[in-house]
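Overview (structure and organization)
Here is how the chains run, residue by residue.
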Amino acid sequence: MDFEQFKPYFRERVEHHINTLIPSNDLQPTQLHEAMRYSALNPGKRTRPLLVYATGLMCGANPESLDNAAAAVELIHAYSLVHDDLPCMDDDDLRRGLPTCHIQFGEATAVLCGDALQTLAFDVLINDQSPQISPDNKLKMLSTLSLASGSLGMGGGQAIDLASTGKTLALDKLEQMHLMKTGALIEASVLMGYFGSEKKTEKEILALKEYSKAIGLAFQIRDDILDIESDTEILGKPQGSDVAANKVTYPSLLGLEGAKEHAYKQYQLALEALAKLPYNSELLRKFAQHIIERDR
């Protein structure tokens, strides 16, 4: 399966699986379940679950053993977006071309929605009945996702981002922030796909971490570039929101062309990391290319 076939097939697959995991809108509390479904099943790129599938398939896993990991990482991502959009955080009204959760359902429901999506992610992993994954690797998945979501990962990165608004950051500090805020969950996605294949070779894990670090930074750099070059209709969120919020970005530090060069450097580092793996890594190579070329 080539990359252009892979994306829609596995995007639809994980969306179908998430649809089965979130309680129905008819089940009490109905508004909370409606908000959860609205936030997790809106028209997203599904980058993180696709990375789970791409890595697992590369290492010989079957899709059934990856479904819960792919859904769990997307549920964590959905929760983070709901909370990031809140008035006390980034205060955004638009997400993926739709009103943000707190605009659609109210701020209190949005907070509870994020909380419920987060806990559902771990419930999905804990109750994974896939016989292809050993208890040891299931525990590795849980540990990987919890670390990536917390104060040393995504949550901590968002805290640093909020504290840094309106301030000047050196490039190394900006990269450390984004390795936590964006990169940690991307790395978790790659590693969870690897653990879904029952692999656990330290040398391969280190190569996948190098790859994840590079594409995580490239992803954020591309986001910063699109905030300048794209428009609201394509992005699905307000264009220029980072500039309006006085956030430190790669273009603000390096200039637009410098940011593009830095993204390409990360792409090259990603390819170098993949070259260390004894697998056909074409899907992951295409992923890295897609990240630096995407338009939304």
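Before any of the text, the structure's been laid out above.
Here goes a summary of the coordinates provided.

Looking at the overall build of the protein
- When helices and strands are counted, the protein shows 15 helices and two strands.
- Taken over C-alpha atoms, the radius of gyration comes to 18 Å for the protein, in line with the 19 Å a tight globule of 296 residues would show.
- On the principal axes, the C-alpha backbone points of the protein span a range of 50 × 50 × 35 Å.
- Here the protein holds 296 residues, and the buried ones make up 54% of them.
- Here the analysis covers contacts within the protein between residues at least 6 apart in sequence; of these, 73% occur between residues at least 24 apart.

Quick notes on the environment of Ser 130
- The topology assignment puts Ser 130 in the loop between α6 (107-126) and α7 (135-149).
- Note on Ser 130: relative accessible area 8%, which makes it buried.
- Through-space distance from the C-alpha of Ser 130 to that of Asn 68 is 8.9 Å; in sequence the pair is 62 residues apart.
- Residues in contact with Ser 130, not counting those within four places in the same chain, are Ser 65 and Lys 138.

A few points about the nonpolar core
- Counting residues in each nonpolar core, the largest one holds 85 residues, and the members touching the most others are Phe 6, Leu 75, Leu 117, Leu 145, Tyr 211 and Phe 287.
- Residue contacts for Phe 287: discarding those within four places in its chain leaves Phe 3, Phe 6, Thr 47, Leu 50, Leu 51, Ala 54 and Tyr 211.

What to know about the side chain of Arg 96
- Structurally, the position occupied by Arg 96 is in the loop between β1 (94-95) and β2 (98-99).
- Relative accessible area serves as the criterion here: at 17%, Arg 96 is assigned to the buried category.
- A polar side-chain atom of Arg 96 sits 2.6 Å from a polar atom in the side chain of Asn 42.

Quick word on unusual backbone geometry
- Omega for the bond connecting Gln 28 with Pro 29 falls within 30 degrees of zero, at -5 degrees, which places this linkage in the cis form.
- A positive phi angle is found at Arg 96, which is not glycine, with a value near 55 degrees.
- The backbone of Glu 198 sits at a positive phi, close to 70 degrees, despite the residue not being glycine.
- Assignment of secondary structure puts Glu 198 in the loop between α9 (171-195) and α10 (202-229).

Here's the deal with empty space enclosed by the protein
- The final tally for this structure, using the stated rule, is one cavity of 30 Å³ or more.
- In this structure, the largest cavity spans a volume of roughly 120 Å³.
- As for the largest cavity, its lining consists of 13 residues, and the residues nearest its centre are Ser 39, Asn 42, Val 82, Arg 95 and Cys 101.
- Elements that contribute at least two residues to the lining of the largest cavity include exactly α2 (30-40), α4 (67-84) and β2.
- The dominant element in the lining of the largest cavity, judged by the number of residues it contributes, is α4, at three residues.
- Residue composition of the lining of the largest cavity, by class: seven nonpolar, three polar and three charged.

Structural notes on the layout of surface pockets
- By volume, the second largest pocket amounts to about 340 Å³.
- In this structure, the second largest pocket is lined by 17 residues; those nearest its centre are Leu 147, Ala 148, Leu 152, Ala 184 and Glu 187.
- Of all the elements in the fold, those that place two or more residues in the lining of the second largest pocket are α7, α9 and α10.
- No other element matches the eight residues that α9 contributes to the lining of the second largest pocket.
- Its residues assigned to classes, the lining of the second largest pocket shows eight nonpolar, six polar and three charged.

The rules behind these values
Residues numbered from 1 in each chain as written. Predicted model: local features only at pLDDT ≥ 70, side-chain atom pairs only at ≥ 80, totals over all residues. Heavy atoms only, no water. Helix = DSSP H or I, 4+ residues; strand = E, 2+ residues; numbered from the N terminus. Rg over C-alpha atoms; globule rule 2.2 N^0.38 Å. Buried < 20%, exposed > 50% of the residue type's maximum accessible area, 1.4 Å probe, protein only. Contact = heavy atoms within 4.5 Å. Core = buried A, V, L, I, M, F, W, Y, C linked by side-chain atoms within 4.5 Å. Polar contact = N/O pair within 3.5 Å; in protein donor to acceptor, adjacent residues only side chain to side chain. 1 Å grid on protein atoms, 1.4 Å probe; cavity = no way out; pocket = protein on both sides within 12 Å on 5 of 7 lines; lining within 4 Å. Points joined across faces, edges and corners; volume = space filled by probe spheres on them. Nonpolar A, V, L, I, M, F, W, Y, C, P; charged D, E, K, R; others polar.

Geometric values such as these leave the question of function open.
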